[in-house]
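# Chains, contacts and geometry: an overview
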Amino acid sequence: MFVNGISSLNAQAISLKEDAVFEEIQTYNTRNLKLYFSDFKTYIKPSAMRRMSSSIKMGVVAALQALENAKIEQPDAIITGTGMGCKTDSDVFLEELLASNEGLLSPTKFIQSTHNTVAGQIALQLQCKAYNMTYVQGSASFESALLDAFLQAATAKNKNYLVGGVDEISTYTSDLHVLDAQLKEEPEVHNLQLLAYKSPGSIQGEGASFFVTSAQKSDSCYASVKDIQLYNQLKEEELESTIHSFLERNNSTLEEIDVVVLGNNGDVNYDKYYHILQEGVFKKTAQTYYKHLVGEFYTSSGFGFWLACKTLKLQEIPPVCRLNECQPQKITKILLYNQYRGKDHSLILLESC
Amino acid sequence: MKSPKIVVTGMGIISAIGKDVEENFSALKQAQSGIGTIEILDTLHQQEFPAGEVKWKNAEIADFLQLPKKHHFTRAALLGAYAAKQALQQANLTSHLKDVGFVNGTSVGGMDKTEQLYHQFKDHPDNFPFIEAQHPGFTTNEMANYLGINGTVSTISTACSSGANAIMMGARLLKQKRLKQVLVGATDCLSKFTLNGFHSLRILSSELCQPFDEQRKGLNLGEAAAYLVLETEEEAHKRGQPILAYLESYANANDAHHQTASSATGEGSFLAMQEALNAAELLPKQIDYINAHGTATPNNDLSEGMAIQRLFEEIPRVSSTKAFTGHTLAAAGAIEAVYSILSLQNQCVFPNLNLKEQMKDLKFSPHTTFTKQKVNYVLSNSFGFGGNCSSLIFSKA
Amino acid sequence: MSDLRLELKEKIIKQLNLEDLSVEDIQNDDFLFGDEIGLDSIDALELIVMLEKDFGIKLTDPAQGKEVFTSIETLAQFIEKNA
């Protein structure tokens, strides 16, 4: 399956130019890395926007950008992943419900709380009656959506799949995520030094990453998706052998991997999974990370996927993403590995096209 | 290359009309509804809105599942694990689940725990593990861990078509040989969040729901979980595992009309049914029974009815089983898949309860009695918010 | 313009997020639903909530809403009669 169009909106100033990645690296000194993009009006009519929460706006714009990038007007499927959907509206509805003790409630917020709202709204905006799916498997939500498209592309030659991941920050529940150590206790975190804190938790972000994929390679092709696999649970000691067998089933070897894209998020309790690879099988491979740029969220790995697509196309690793000094001669194969709090692991193998 | 045939080798269910497949069948046969006054969900609306509640407290289900005292199961996970265990047992999959995957559907997820604990987390560190229950994958993960499935695990949330869509994704994983067997289905529990949410949309009926009735006033909510074990025909034969039914085909389409309401012509449901028929290379007249979505809201039943009329020149027997179970949201597609298979196994169709007056806008009326008849193909519909429309076709083993 | 009508316009703009409209854009007799202002069924539900919360009027029959919510004028008259 080929990736023919890409788009990503998040806390960074993403360049829309083909030969650039970022406009200027945005630095933050907080736990909340909010969306940088604000130009929704260029893409969405005000009348359509009035009931759109931030996930919907981000999702619709990223979807439109990805379609434009692939020069496609109508996709043959819309497949999204989201950890929590329109979380702010869900939280507001719940708080109003509790505060009023099941009193009179506004229906709009409830409607938005349905997880497939973004995919449904993209269909409405595009008037697209095709297959419409939404996956909500924590940090494997985007990967689940990609897997769905991958399975469909195996039997359909000319279909275009619009695949994306989207999540938003809800300030209502941020405090809860400090309690269970998903978020760092330090209120001020320098995002570019994320890995230096050595404390529990991460920083949170938001964004949408959308892609147009197809069994058919187009002129705008970024990458070829060779395989994708979900692992709900994985013990630390199983990680390397799991990667071995994943590569083996794809007739690849560890040595052939030119770049590995890792999901390090600075959580001292769980980054050890990445450290095993950094110090183990991929010690001599170019290692990159990205969550310091956009924050951790259930579909932040969609940005990692976007970055891998860009890296293959430009044959260049953005310096701000490097975890080590290794410099590949040529970038042909990229392996992506992600997990969140030891759950919902995933591997994706990409090749240049 | 011919695509392998997908078969069902296990099923499990818990709903307001029974705690296993047999109990559900017996209630359907005897036209015994499970909808009544809410007793377990702690809500102000207990007396106001009847619902299809599973009359089993969380602690009781946890006991049956032999969970440790300090477990982190949401109610949806409890119901789900209970039903999933039945399905795996029937399919003879109780250990060595390395090549078994799990695609779950849920819309409520862990909302029951979130709404109970939202303002109390701070002072109760014991409950911190439930903070992650805000995302639906948490409920799936608790189940997967309990059942011993730890590879390909995912969750679908497309509102009230989630269960049907989980079955679809499972079949796709098998066809591409990613797994040997896959557990598919859905679970949803009653919660204040959904009860008040549907109330805010003014589509809850304070009386027993009346699918496809001219005077229908809205839906009754319900809670349930149901799961199927799917595998290829070849694999089932290899294991000597009895086949309960075939999953003939499936399709999903979008109405692209409105965030919550269905179009008057039922465009999305028409497309889903048509595509499912095409994929199975079946003519409409080959369908013997339609298990309709039939929520009993004015909008759904009209839209679905119109779509059925558009597609079927001769309309087969149609019934909605929502008046038995209530609308169990994500679980609807899964429990109705079980009912569709029961229809095939027992060569019968199920009654549409509470029908008094045919809808003026439709030229057909649903079937109202339990009737023995020849059933080779069953079409099951599930539609959700966001214009999400899914149809599954099952055939006789 | 009476205060109630102005108040209703402000409330509707705020609660239904009609950000691109100002009170001057809504005439008392404009059709709220359909082409002129373009509200839909979800807005109708929001208006029912507004009536009950802000004016203490309970609209029990949703079909009644259709008439009441025709325009700012019909809504204002309904409130004046029932408040």
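Everything numeric here is computed off the predicted structure, so don't read it as measured data. Residue numbering note: each chain is counted from 1, following its sequence as written. For this description, chains carry letters from A and ligands carry numbers from 1, given in the order in which they are written. Reporting in this predicted model follows two pLDDT cut-offs: at least 70 for local features of residues, and 80 or more for side-chain atom pairs to be given and counted; totals over whole chains, interfaces and linings ignore these cut-offs and use all residues.

## Here we look at the packing of helix α9 (residues 267-279) of chain B against helix α10 (residues 298-311) of chain B
Residues and elements named next belong to chain B. What counts is decided by this rule: All axes are obtained by fitting lines to C-alpha atoms, using only the stretch in contact for helices, and the reported angles, taken between N-to-C directions, cover 0 to 180 degrees. Secondary structure elements are taken from DSSP: a helix is a run of H or I of four residues or more, a strand is a run of E of two residues or more, and numbering for both begins at the N terminus. By the definition adopted for this analysis, an angle is roughly parallel if under 35 degrees, roughly antiparallel if over 145, roughly perpendicular if from 65 to 115, and oblique otherwise. Crossing handedness is defined as follows: a turn of the near helix away from the far one that is anticlockwise and smaller than a right angle gives a left-handed crossing, while the clockwise case is right-handed. Contacts are defined on C-beta atoms placed from the backbone: any two residues whose C-beta positions lie within 7 Å are in contact. Classification convention: Asp, Glu, Lys, Arg as charged; Ala, Val, Leu, Ile, Met, Phe, Trp, Tyr, Cys, Pro as nonpolar; all other residues, Gly among them, as polar.
At a closest axis distance of 8 Å, the pairing of α9 and α10 adopts a crossing angle of 45°. In terms of their interaxial angle, α9 and α10 are classed as oblique. In the crossing of α9 with α10, the sense of the turn from one axis to the other is right-handed. Taken together, the residues of α10 that come into contact with α9 (itself represented by Ser 269, Phe 270, Met 273 and Gln 274) are Ser 303, Glu 304, Ala 307, Arg 310 and Leu 311. Looking at the contact of α9 with α10 residue by residue, the classes come out as four nonpolar, three polar and two charged.

## Observations concerning the UniProt feature "domain: Beta-ketoacyl synthase-like N-terminal" (unreviewed entry) in chain A
The criterion, for reference: UniProt positions are given in the numbering used here, feature names are shortened, and annotations may be inferred rather than shown by experiment.
In the numbering adopted here, UniProt assigns the feature "domain: Beta-ketoacyl synthase-like N-terminal" (unreviewed entry) to residues 45-159 of chain A. As a span, residues 45-159 of chain A carries 56% helix and 9% strand, and end to end its C-alpha atoms are 28 Å apart.

## Here we look at the nonpolar core
Formally: Among buried residues, those of type Ala, Val, Leu, Ile, Met, Phe, Trp, Tyr and Cys that are joined through C-beta atoms within 7 Å form a set called a nonpolar core. Counting other C-beta atoms within 10 Å of its own, a residue is labelled buried from 20 upward, exposed at 12 or fewer, and partly exposed in the gap between, with every C-beta atom placed from the backbone.
If you look at the biggest cluster of nonpolar residues, it comprises 239 residues, and the most contacted ones within it are A:Leu162, B:Leu79, B:Ile167, B:Leu183 and B:Ala226. Take this core: its biggest share by element is ten residues, from helix α3 (residues 75-90) of chain B. Setting aside residues no more than four positions away along its own chain, B:Leu79 makes contact with B:Ile14, B:Val54, B:Ile61, B:Thr187, B:Cys189, B:Glu223, B:Ala224 and B:Ala225. Within the second largest apolar cluster, five residues are counted, among which are B:Phe130, B:Ile131, B:Ala133 and B:Phe138.

## Description of helix α2 (residues 41-55) of chain C
Residue and element names in this part refer to chain C. Definition in use: Given a helix with a known number of residues, its expected span is that number minus one, times 1.5 Å.
With 15 residues, α2 extends 21 Å between its outermost C-alpha atoms, agreeing within 8% with the 21 Å of an ideal straight helix rising 1.5 Å per residue. Where α2 is concerned, the buried positions are Asp 43, Leu 45, Glu 46, Leu 47, Ile 48, Met 50 and Leu 51. Directly beyond the C-terminal end of α2, a positive phi value near 65° is found at Gly 56.

## Topic: the interface of chain C and chain B
At the interface, four residues of chain C touch six residues of chain B. In the side of chain C that touches chain B, the residues fall into three nonpolar, one polar and no charged.

## Side note on the interface of chain A and chain B
On the side of chain B, 55 residues touch chain A, which itself brings 50 residues to the contact. Listing elements by their share of the side of chain A that touches chain B, those giving two or more residues are α3 (87-99), α4 (107-113), α5 (117-126), β4 (131-135), α6 (141-153), α7 (174-179), β8 (223-233) and β12 (343-351) of chain A. Each residue belonging to the side of chain A that touches chain B can be placed in one class, and the counts come to 26 nonpolar, 18 polar and six charged.

## Observations regarding the domain arrangement of chain B
Think of interface size as the accessible area that goes away when the parts come together; that is how it is often given. Residues and elements named next belong to chain B. Formally: Where each domain begins and ends is defined by an automated method or by a domain database.
The assigned domain composition of chain B is domain 1 (7-239) and domain 2 (253-396). Between the C-alpha centres of domain 1 and domain 2 the distance comes to 21 Å. At the interface, 61 residues of domain 1 touch 52 residues of domain 2. Those elements that provide at least two residues to the side of domain 1 that touches domain 2 are β1 (6-14), α1 (21-29), β2 (51-52), α6 (162-175), β5 (181-188), β6 (221-222) and β7 (224-232).

## Here we look at the confidence of the model for chain B
Selection rule: Each residue carries a pLDDT score, the predictor's confidence in it, ranging from 0 to 100.
Looking at chain B as a whole, the pLDDT averages 97, with 100% of positions reaching at least 70. Our summary of model confidence lists the complex with pTM equal to 0.97 and ipTM equal to 0.98.

## Describing the environment of A:Leu126
Secondary-structure assignment places A:Leu126 in helix α5. Remark: the alpha-carbon pair of A:Leu126 and A:Val212, spanning 86 residues in sequence, is separated by 14 Å.

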